[in-house]
Amino acid sequence: MTEDELTRLLDAARRRPVEDAMTIRTGPRKGEIAANVSDERKAKLRLLGRERALIYKTFVLTGLRADELRTLTIADLSFGDVPFIKLRHSNEKSRKGSTIALRSDLATELREWIKGRDRSEAVLNVPAGILRIMNRDLAAAGIDKTDADGCVIHVHALRHSFGTHLSK
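Keep in mind it's a predicted model, so treat the numbers as computed, not measured. (Residues numbered from 1 in each chain as written. Predicted model: local features only at pLDDT ≥ 70, side-chain atom pairs only at ≥ 80, totals over all residues. Heavy atoms only, no water.)

Asks: How should I be thinking about the overall build of the protein in this particular structure?
Replies: Broken down by element type, the protein carries six helices and three strands. Ordered by position from the N terminus, the helices and strands of the protein form the series α-α-α-β-β-β-α-α-α. Over its C-alpha atoms the protein spans a radius of gyration of 17 Å, differing by no more than 12% from the 15 Å that the globule rule assigns to 168 residues. If you line up the protein on its principal axes, its C-alpha atoms span 55 × 45 × 25 Å. Counting across all 168 residues of the protein, residues that qualify as buried make up 38%. The long-range share in the protein, meaning contacts at least 24 apart out of those at least 6 apart in sequence, stands at 61%. Of the roughly 9800 Å² of accessible surface on the protein, 52% is carried by carbon and sulfur atoms. When the 31 basic and 24 acidic side-chain charges of the protein are each reduced to a single mean position, those positions are 3 Å apart. (Helix = DSSP H or I, 4+ residues; strand = E, 2+ residues; numbered from the N terminus. Rg over C-alpha atoms; globule rule 2.2 N^0.38 Å. Buried < 20%, exposed > 50% of the residue type's maximum accessible area, 1.4 Å probe, protein only. Contact = heavy atoms within 4.5 Å. Areas by Shrake-Rupley, 256 points an atom, 1.4 Å probe, with all protein chains shown as cover. Lys, Arg positive; Asp, Glu negative; His and termini not counted. Charge placed at Lys NZ, Arg CZ, Asp CG, Glu CD.)

Listed below in structure tokens is the structure:
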């Protein structure tokens, strides 16, 4: 994925939960974003959108696999001079354990996200249906799931985007 596509995906992921809830589904106003949604529900949906964008951003900026991110706890994060993630051997595919440096902007967002939470909690709630959710976010961002070369964008492809952007 290009930087522009990633930016559009993150923006769509943030916006889509609220927009979907406010979209009128039937009748003459079908498709309008005008449905009544309580402020409390909107706040929860904004939080969901923020988390979803943070999930994608973490995938792209760390190269983590979905299960590795799903099992990551707050205790696995370190925000010292050089922020990093410590992957426990039991949660990593290779079963070796590793340390992954965090880019400063991602570290700042993660630090803010986990503020006030218990160290044993999961950092992010990565749903089992993340691929289906990502497909809808891609559509909302106006990004084709398959490019001209026949490559398909999916959760694991974000891992490859990490490598590509790292090599640049």
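Asks: Would you mind going over the environment of Ile-33 with me for this structure?
Replies: Following the sequence through the fold, Ile-33 ends up in the loop between helix H1 (3–22) and helix H2 (39–62). Measuring from C-alpha to C-alpha, the distance between Ile-33 and Asp-20 comes to 7.9 Å, with 13 residues separating the pair along the chain. Residues in contact with Ile-33, not counting those within four places in the same chain, are Glu-19, Met-22 and Thr-23.

Asks: I keep staring at the sheet that holds strand S2 (residues 84–87) and nothing clicks. Help me out?
Replies: Two pairing modes exist for strands in a sheet, parallel and antiparallel, and in both the strands are linked by backbone hydrogen bonds. With antiparallel pairing, the three strands of this open sheet are ordered in space as S1-S2-S3. Strand pairing shows two members of the sheet lacking a second neighbour, strand S1 (77–78) and strand S3 (98–101), which therefore form its edges. Pairing of S1 with S2, which is carried by two bridges, proceeds in the antiparallel orientation. Across the sheet, Leu-77 pairs through a bridge with Ile-85, a residue of S2. (Pairing = 2+ DSSP bridges.)

Asks: Looking at this structure, how should I read the pairing of S2?
Replies: Within a regular strand, side chains alternate between the sheet's two faces. Only one face of S2 is buried: it carries Ile-85 and Leu-87, and the other face, with Phe-84 and Lys-86, is open. Connecting S1 to the next strand, S2, in antiparallel fashion are five residues. In the sheet, S2 pairs with S3 via four bridges, with the strands oriented antiparallel. Across the sheet, residue Phe-84 finds its bridge partner in S3, namely Ala-101.

Asks: Honestly, the pattern of salt bridges in this entry has me stumped. Any pointers?
Replies: Opposite charge on two side chains lets them pair, provided their charged atoms get close. A complete count under the given rule lists 16 salt bridges for this structure. A salt bridge links Lys-44 to Glu-40; the nearest nitrogen and oxygen atoms lie 3.7 Å apart. Here Lys-44 pairs with Glu-40, and both are found in helix H2, just four residues apart, close to one helical turn. Overall, the relative accessible area of 57% leaves Glu-40 in the exposed class. As a salt-bridge pair, Glu-68 and Arg-65 come within 3.1 Å of each other at their nearest N and O atoms. (Salt bridge = Lys/Arg side-chain N within 4 Å of Asp/Glu carboxyl O.)

Asks: Got a minute to help me understand the packing of H2 against helix H4 (residues 104–114) in this structure?
Replies: What describes two packed helices is the angle between their axes and the distance between those same axes. Close contact between H2 and H4 brings their axes to 11 Å; oriented N to C, the two are set at 145°. Pair H2 / H4 crosses with left-handed handedness. Counted together, Leu-47, Arg-50, Glu-51, Leu-54, Lys-57, Thr-58, Leu-61 and Thr-62 of H2 and Asp-105, Leu-106, Glu-109, Leu-110, Glu-112 and Trp-113 of H4 form the full contact between these two elements. (Axes fitted to C-alpha atoms, helices over the stretch in contact; angles between N-to-C directions. Left-handed = near helix turned anticlockwise from the far one by under 90°.)

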